[in-house]
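An overview of the molecular structure
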Amino acid sequence: MKRKKNEDLREKNIEFEMLNVKYKLLRFYREKMTLDVAILNEGKKQEIVNIPFAHLPKSIKRLLKPN
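Attention in this report is confined to the structure presented alongside it. (Residues numbered from 1 in each chain as written. Predicted model: local features only at pLDDT ≥ 70, side-chain atom pairs only at ≥ 80, totals over all residues. Heavy atoms only, no water.)

Counting 14 residues, the largest nonpolar core has Leu-25, Leu-35, Leu-56 and Leu-64 as its most contacted members. Of all elements in the fold, only strand 3 (21-29), strand 4 (34-41) and helix 1 (58-64) reach the threshold of two or more residues within this core. Excluding residues within four positions of it along the chain, Leu-25 makes contact with Leu-9, Arg-10, Ile-14, Phe-16, Leu-35, Asp-36, Val-37, Leu-56, Ile-60 and Leu-64. (Core = buried A, V, L, I, M, F, W, Y, C linked by side-chain atoms within 4.5 Å. Buried < 20%, exposed > 50% of the residue type's maximum accessible area, 1.4 Å probe, protein only. Helix = DSSP H or I, 4+ residues; strand = E, 2+ residues; numbered from the N terminus. Contact = heavy atoms within 4.5 Å.)

And the structure:
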């Protein structure tokens, strides 16, 4: 079985807004299908959380191409 690699997304500067909260993608864990995202407040990192890939907006999912 081939292990899927984790993908560092910081250089791509992918940001999105959901429910009036701005997020920046940091790392995509393909094996678990989760992402580390930074919650941004006034352009500064407030905290880092891990969210499921399924919770992303469709436009962002298309950029990552998980398969």
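A few words on the packing of aromatic side chains. Throughout the structure, instances matching the rule amount to two aromatic pairs. Aromatic pair Phe-16 and Tyr-23: ring centres 5.2 Å apart, planes at 20°, arrangement stacked. In this structure Phe-16 comes out as buried when scored by relative accessible area, which is 7%. Under the relative-accessibility criterion, Tyr-23 is labelled buried at 14%. (Phe/Tyr/Trp six-rings, centres within 6.5 Å; stacked < 30°, edge-to-face > 60°.)

Further remarks concern the pattern of salt bridges. What the rule picks out here adds up to five salt bridges. Note that Glu-7 is salt-bridged to Arg-30, the shortest N-O span being 2.5 Å. Residue Glu-7 is found in strand 1 (residues 6-8), and its partner Arg-30 is found in the loop between strand 3 and strand 4; the two are separated by 23 residues along the sequence. The exposure class assigned to Arg-30 is buried, which follows from its relative accessible area of 15%. The shortest N-O distance in the salt bridge between Asp-8 and Arg-27 comes to 3.9 Å. In this pair, Asp-8 is assigned in strand 1 and Arg-27 in strand 3, connecting sequence segments 19 residues apart. The class for Arg-27 is partly exposed, based on a relative accessible area of 27%. (Salt bridge = Lys/Arg side-chain N within 4 Å of Asp/Glu carboxyl O.)

Distances and angles like these do not, on their own, reveal function.
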